[in-house]
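Chain by chain, the residues:
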Amino acid sequence: MRHSALLKKVVFSSGSLSLLLGILVLIGWYTDTATLVQILPSLVAMQYNTALAFLLCGISLILLLNNKKTLGIVFGLPVGIIGLLTLTEYFFDVNIGLDELFMEHSITVATSHPGRMAPNTALSFLLFYIGSILSTRNQKRVQLSGVLGSLVFGLGLVAFAGYVVGVEAIYGWGELTQMALHTSIGFAILGIGLNALSFLKEFQFKVNPDNYMPPWLAGYATTLSLTILLIDLSLPGGVAAGMLYVLLVLFGWFISNMRVTLFLAFTGTVLTIFGWFFSQTGADSWVVIVNRALTVCVIWITAILLYGIKKRTLALQKLYNKLDEKVAKRTRELKAKNKEMEQFLYIASHDLQEPLRTINSFAKVIEEDYEQELNDGIKRYLQFISDAATRMSELVKGLLDHSRLGKNKKQTNVDFNEIIEAIQKDLAVAIAESKASFEIANMPTVNALKVEFRLLFQNLVSNAIKFRKKDLAPVICITAKEKKHHWRFSIQDNGIGIAENHKEKIFDIFQRLHDSKEYEGTGIGLAHCKKIVELHGGNIWVESEVNKGSTFHFTILK
């Protein structure tokens, strides 16, 4: 999920920047603002058709991102046509009237034909359009669109590197129109956008981004190699430009295959030696030899270190995969056992309820039909049977309710003020009989399981009323405090309290501290509370002294 969100941002940003670049240059042409069109007076201008194509590419990319496939291809169609026709004009040395169809050009610096975009610009637009079409097809074609995206990026990066090192031959092909500086930047942005789009589309084919090497990475590696080589060839031999091949080796970090690291190091070594023979001299031969030798040493030291790191990383990854498999297997087993337990509880509770109802019914039938014949002892025994069956039924029902807690895991914003008001209405009779009073602080609204939390508060409030002192009306204080990572709730009473050795025991299921004749209940209420709190990633505990009341605290994560 996180990969998809990031890729969507990259695609949208690339499309938006391309759209903005096209709009700004078009404004420059219409308003004769040379700075927008040309950047510097000595540089070639971005042609009108180029700016228009960038605008359409940006729109097309954004439409394809939003699955508007037909519209995206339609907006990209003029781009493909302009690129193809421009290459045709160069190849056949003809002018079909396309160059100044929309705008008569007055800026012709480094331009072989007024208004005509550079051949590498036309090629980049054609590749982008083909890539955009392929991004809507099957997995292999989507992968190919990523490769084309890396080529578009590469053409832009190579031209930009030419501007950086001041070598016209890199961004201009022969005597033909040169690629503009901001055009080269625009293609680097578009190439990244098309790559991100293809990677995003591959997720639809159930690709795991953590264990997958996109084929267009090879395109980026080639582009990086070519760019460094061109920079190296344009500088004097004494300049350590070959050290940039270390970046090529480090590029191997993004490719899981360890042998690729060695291959990239070998490639960097070959290109370093190649640069020795064909770069400008500008330094003594011994300086050049030392320079190149040190470069090769650094390349291989980096490669060996990276190889070792990747080897250890791969070993750790295999270990993690084994652990993941064990955890997944254990999780499946636990799920199966939980499901089996739930089925058992459901069946057992329903099967147990029926004989309990039968026992209760027959006890009442005997008592009613043979009332005159039964003595007080037998009637008392029948009452014992009826009470035991009723209590057993309540225990079974409590067990079933406990197993169902958290079944509906959809959390909502819960206003705890409303929860407490509802509980006071439900317990109105008990509150009136006990003359209980409440001190309630302003409660928060928290994302939680509403039904479960109502049960939690109801159990704690009803316990505060139930376990009151005989000669003292209960006073119940409910507060909430906000902490950094959680909320802490407290319910305080002035009841009979709890002995120190029973503070943990009370949260166990079916644990009672008092006789059922003295205090009603099944001993499952606080077990419910503990499970509900744990479902919300929190803890529950009690602070209490005998005859001095109790304070139940519980936390829930924000």
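Note that the structure is predicted; figures quoted are calculated from it, not measured.

Peer 1: For this particular structure, what's the right way to read the overall build of the chain?
Peer 2: Check the secondary structure of the chain and you find 17 helices and seven strands. Considering only residue pairs separated by 6 or more positions, the chain has 72% of its internal contacts joining residues 24 or more positions apart. Of the accessible surface of the chain, which amounts to about 30400 Å², a share of 61% is contributed by carbon and sulfur atoms.

Peer 1: What is the right way to read the confidence of the model for the chain from this model?
Peer 2: Detailed reading of predicted coordinates is not advised where the pLDDT is low. Residues at a pLDDT of 70 or more form 85% of the chain, whose mean pLDDT is 82. Ranking the helices and strands of the chain by mean pLDDT puts helix α3 (residues 48-65) first, with 96, and helix α13 (residues 376-404) last, with 69.

Peer 1: Whenever I open this one, unusual backbone geometry confuses me. Can you help?
Peer 2: Most peptide bonds adopt trans geometry, and most residues besides glycine take a negative phi value. Positive phi, normally seen in glycine, also occurs at Ala110, with a value near 50°. Tracing the backbone through its elements, the reader meets Ala110 in the loop between α4 (69-92) and α5 (119-134). By relative accessible area, Ala110 is classed as partly exposed at 31%. Here the phi dihedral of Asn547 falls at roughly 70°; this positive angle occurs in a residue that is not glycine. Relative to the assigned elements, Asn547 resides in the loop between β6 (540-544) and β7 (550-557).

Peer 1: How do you make sense of the nonpolar core when you look at a structure like this?
Peer 2: Across soluble globular proteins, nonpolar side chains have a tendency to be buried as a group. Judged by nonpolar contacts, the single largest core of 50 residues is most densely connected at Trp29, Met46, Phe54, Phe125, Phe128, Phe187 and Leu190. Elements with a contribution of two residues or more to this core: α1 (2-31), α3, α4, α5, α6 (139-165) and α8 (181-202). Among the elements that take part in this core, α3 stands out by supplying eleven residues, more than any other. Apart from residues no more than four positions distant in its own chain, Phe187 is found in contact with Phe54, Thr121, Ser124, Phe125, Val152, Phe153, Gly156 and Met179. Membership of the second largest hydrophobic core comes to 36 residues, among which are Phe416, Met443, Trp487 and Ile540.

Peer 1: Sorry, what's going on with α8 here?
Peer 2: An α-helical turn contains 3.6 residues, so any two residues separated by three or four positions project in the same direction. Across its 22 residues, α8 extends 32 Å between first and last C-alpha, which sits within 8% of the 32 Å expected from 1.5 Å per residue. Among the 22 residues of α8, 19 are classified as buried, and the element is accordingly described as predominantly covered.

Peer 1: So what exactly am I meant to see when it comes to the side chain of Thr551 here?
Peer 2: Residue position: Thr551 is located in strand β7. Once residues within four sequence positions are removed from consideration, Thr551 is found in contact with Ser490, Ile491, Gln492, Trp541, Val542 and Glu543.

Peer 1: Looking at this structure, I do not really get the pairing of β7. What am I missing?
Peer 2: The side chains of a regular strand alternate between the sheet's two faces. Most of β7 sits inside the fold, with seven of its eight residues counted as buried. Note: strand β5 (residues 486-492) against β7, seven bridges, orientation antiparallel. Of the residues in β7, the one forming a bridge with Gln492 is Thr551. One ladder, built from five bridges, connects β6 with β7; its direction is antiparallel. When the sheet's bridge partners are listed, Val542 is paired in β7 with Phe552. The hairpin turn running from β6 into β7, its antiparallel successor, is five residues long, and Asn547 in that turn takes a positive phi close to 70°.

Peer 1: In this structure, what is going on with the environment of Ile189? I would like to understand it.
Peer 2: Here Ile189 lies in helix α8. As a C-alpha pair, Ile189 and Ser14 span 175 residues in sequence and 5.6 Å in three-dimensional space. Ignoring anything within four residues of it in the chain, the contact list for Ile189 reads Ser14 and Leu17.

Peer 1: I'm lost on the pattern of salt bridges in this one. Help?
Peer 2: Proximity of charged atoms lets side chains of opposite charge pair with each other. One pass over the structure, following the stated rule, counts five salt bridges. Two residues, Glu89 and Arg116, come together in a salt bridge whose shortest N-O distance is 3.3 Å. Residue Glu89 is located in helix α4, and its partner Arg116 is located in the loop between α4 and α5; the two are separated by 27 residues in the primary sequence. Taking relative accessible area as the criterion, Arg116 reaches 1% and is therefore assigned buried. Between Lys548 and Glu545 there is a salt bridge; the shortest N-O distance is 3.5 Å. Salt bridges sharing common partners tie together Glu89, Asp99 and Arg116.

Peer 1: How should I be thinking about the packing of α4 against α5 in this particular structure?
Peer 2: Axes are the key here: two packed helices are described by the angle between their axes and the distance separating the axes. In contact at an axis separation of 8 Å, α4 and α5 are set at 145° when each is read in the N-to-C sense. The crossing of α4 and α5 is left-handed. Contacts between α4 and α5 involve Ile73, Gly76, Leu77, Val79, Gly80, Gly83, Leu84, Thr86, Leu87 and Tyr90 from the former and Pro119, Ala122, Leu123, Phe125, Leu126, Tyr129 and Ile133 from the latter. For the contact of α4 with α5, the residue count by class is 13 nonpolar, four polar and no charged.

Peer 1: When you look at the sheet that holds β6 in this model, what are you seeing that I'm missing?
Peer 2: Strand pairs in the sheet, formed through backbone hydrogen bonds, run parallel or antiparallel to each other. Spatial ordering of the open sheet is given by β2-β4-β5-β7-β6, a layout of five strands whose pairing is mixed. Strand pairing shows two members of the sheet lacking a second neighbour, β2 (437-440) and β6, which therefore form its edges. Averaged over all neighbouring strand pairs, the angle between strand axes comes to 15°, with direction disregarded. Each of β2, β4 (475-482), β5 and β7 touches helix α14 (residues 416-426); the most contacted strand, β2, lies at about 180° to it.

Peer 1: What exactly am I supposed to notice about the packing of aromatic side chains here?
Peer 2: The relation between two aromatic rings is expressed through the spacing of the ring centres and the mutual angle of the planes. Following the criterion strictly, the structure yields 14 aromatic pairs and no others. A ring pair is formed by Phe416 and Phe489, whose centres lie 4.9 Å apart and whose planes are at 40°; its orientation type is tilted. Of this pair, Phe416 sits in helix α14 while Phe489 sits in strand β5; the two residues are 73 residues apart in sequence, bridging distant segments of the chain. For the pair Phe416 and Phe489, one class covers both residues: buried. Ring geometry for Phe457 against Phe554: centres 5.7 Å apart, planes inclined by 75°, an arrangement best described as edge-to-face. One end of the pair, Phe457, is in helix α16 (residues 450-466); the other, Phe554, is in strand β7, with 97 residues separating them in the sequence. Take Phe457 and Phe554: they sit in the same class, and that class is buried. One aromatic cluster in this structure is built from Phe416, Phe453, Phe457, Phe489 and Phe554. For Arg116, the ring lying beneath its charged end belongs to Tyr90, and the centroid distance is 5.1 Å.

Criteria and cut-off values
- Starting from 1, residues in each chain are numbered consecutively following that chain's sequence as written.
- Only residues with pLDDT of at least 70 are given local features in this predicted model, and only at 80 or more are side-chain atom pairs given and counted; all residues enter the totals for whole chains, interfaces and linings.
- Processing note: side-chain calculations cover all non-hydrogen atoms of the structure and skip hydrogens and water entirely.
- The numbering of helices and of strands both runs from the N terminus, where a helix is a DSSP run of H or I of at least 4 residues and a strand a run of E of at least 2.
- Here, two residues are considered to be in contact whenever any of their heavy atoms come within 4.5 Å of each other.
- With residues, only the protein chains shown are counted as cover, and all accessible areas are computed by Shrake-Rupley using a 1.4 Å probe.
- Each residue carries a pLDDT value, the predictor's own confidence for that position, ranging from 0 to 100.
- Any residue under 20% of the maximum accessible area for its type is buried, any over 50% is exposed, and the rest in between are partly exposed; the area is computed with a 1.4 Å probe on protein chains only.
- Among the buried residues, those of types Ala, Val, Leu, Ile, Met, Phe, Trp, Tyr and Cys that are joined through side-chain atoms within 4.5 Å form a nonpolar core.
- One less than the residue count of a helix, multiplied by 1.5 Å, gives the span that helix is expected to have.
- For two strands to count as paired, DSSP must find a minimum of two bridges between them.
- Definition used for salt bridges: Asp or Glu carboxyl oxygen within 4 Å of a side-chain nitrogen of Lys or Arg.
- Angles here are taken between N-to-C directions and fall from 0 to 180 degrees, while the axes themselves are lines fitted to C-alpha atoms, restricted in helices to the stretch in contact.
- The handedness criterion is simple: a crossing whose near helix is rotated anticlockwise from the far helix by less than a right angle is left-handed, and one whose near helix is rotated clockwise is right-handed.
- Under this grouping Gly is polar, as are all residues other than the nonpolar Ala, Val, Leu, Ile, Met, Phe, Trp, Tyr, Cys and Pro and the charged Asp, Glu, Lys and Arg.
- To pair, rings of Phe, Tyr and Trp, with the six-membered ring standing in for Trp, must have centres within 6.5 Å; the planes then decide the type, stacked if under 30 degrees apart, edge-to-face if over 60, and tilted in the middle.
- A positively charged side chain is recorded as over a ring if its NZ (Lys) or CZ (Arg) lies within 6 Å of the ring centre. The angle to the ring normal must also be within 35 degrees.

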